[in-house]
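Remarks on the overall topology
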Amino acid sequence: MSHSRARRSTTGTRTRTRTRGRGLVIAGVAVAVCVGLGFAGWNLAGFGAGAAGITVTCPTADPVDVGAITVPAGPVAGYCQDRLVNAAHIMNAGRDLGIGTHTQTVGVMTALGESGLRVLDYGDAAGADSRGLFQQRDNGAWGTLADRMDPYVSAQNFFTKLTKVAGWKEMEPTLLAHAVQVNADPEHYAAYWARAEDIVAALAIPTAP
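Residues numbered from 1 in each chain as written. Predicted model: local features only at pLDDT ≥ 70, side-chain atom pairs only at ≥ 80, totals over all residues. Heavy atoms only, no water.

Here the focus is unusual backbone geometry. Cis peptide bonds are those with omega within 30 degrees of zero, and the linkage from G74 to P75 qualifies with 5 degrees. One non-glycine residue, Q135, lies in the positive phi region at around 50 degrees. Along the chain, the position of Q135 falls in the loop between α3 (101-115) and α4 (145-149). With a relative accessible area of 0%, Q135 lands in the buried category. Backbone geometry at V182 places phi at a positive 55 degrees, although glycine is not the residue there. If you trace the backbone, V182 turns up in the loop between α6 (173-181) and α7 (193-203). (Helix = DSSP H or I, 4+ residues; strand = E, 2+ residues; numbered from the N terminus. Buried < 20%, exposed > 50% of the residue type's maximum accessible area, 1.4 Å probe, protein only.)

Moving on: the packing of helix α2 (residues 81-96) against helix α5 (residues 151-162). Between α2 and α5, the shortest axis-to-axis distance is 8 Å and the interhelical angle comes to 45 degrees. With respect to each other, α2 and α5 are oriented oblique. The chirality of how α2 crosses α5 is right-handed. Packed against α2, whose contacting residues are N86, H89, I90, N92, A93, G94 and D96, the element α5 presents P151, Y152, A155, Q156 and F159 at the interface. For the contact of α2 with α5, the class distribution of residues is six nonpolar, five polar and one charged. (Axes fitted to C-alpha atoms, helices over the stretch in contact; angles between N-to-C directions. Parallel < 35°, antiparallel > 145°, perpendicular 65-115°, else oblique. Left-handed = near helix turned anticlockwise from the far one by under 90°. Contact = heavy atoms within 4.5 Å. Nonpolar A, V, L, I, M, F, W, Y, C, P; charged D, E, K, R; others polar.)

Here we come to α2. Compared with an ideal rise of 1.5 Å per residue, which puts 16 residues at 22 Å, α2 spans 22 Å between its outermost C-alpha atoms and is within 8% of the ideal. Within α2, 12 of the 16 residues are buried, which leaves the element mostly enclosed by the surrounding structure. Three or more residues of α2 are buried, namely Q81, R83, L84, V85, N86, A87, A88, I90, M91, N92, A93 and G94. After α2 finishes, the residue G98 shows a positive phi value of roughly 80 degrees. (Expected span 1.5 Å × (residues − 1).)

So, about the side chain of R195. By the secondary structure assignment, R195 is in helix α7. For the buried R195, no salt bridge exists, and the shortest N-O distance to an oppositely charged side chain is 7.4 Å, to D198. There is a polar contact of 3.4 Å between the side chain of R195 and the backbone oxygen of A191. (Lys, Arg positive; Asp, Glu negative; His and termini not counted. Salt bridge = Lys/Arg side-chain N within 4 Å of Asp/Glu carboxyl O. Polar contact = N/O pair within 3.5 Å; in protein donor to acceptor, adjacent residues only side chain to side chain.)

Our next topic: the pattern of salt bridges. If you walk through the whole model with that rule in mind, you get three salt bridges. Across the pair D82 and R83 runs a salt bridge whose closest N-O atoms are separated by 4.0 Å. Given the relative accessible area of 54%, D82 is considered exposed. Relative accessible area serves as the criterion here: at 11%, R83 is assigned to the buried category.

What follows is the structure, encoded as structure tokens:
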């Protein structure tokens, strides 16, 4: 399980403008544009374009069934079908354990914050052995590597630990996720809650009238 990633801060070198100020300003603008595009690309590739306010166009795809959930091509909350399929696995895992929609949403929120709904086969600075949707550690608490790389099994393990947290039914979503993941920042997941709600609402199994 991953600690929340710290955002790097950089301090640029102060430049002199004087007679060459015009050229330096142009160069500075070019660098700023490149850096901005770099961060936009990181958001798009890593955590869904919804995080950067970028409009997403998903590849054309027929809906696919993941259990009883029909997953559209997308986008939903800035995510395309490949990521939404993983959200459906999380929802199925929670439902099969008797866990309701609200807490399924906590699971989707946590995976958004940890991996951008990707099954990652690498860790990060907080845990080089972290893997999967939830960046679960190789510490014996999350099963085998195959378990951690399986969207459904890793989600079941996440929810199993979640239901052992005292007062889990009443906890604020980000604090509940923090209690399970033991990440550095208890508020880390709050930014992903609204998107998780949109995804779960879009993938919810229709009920009979």
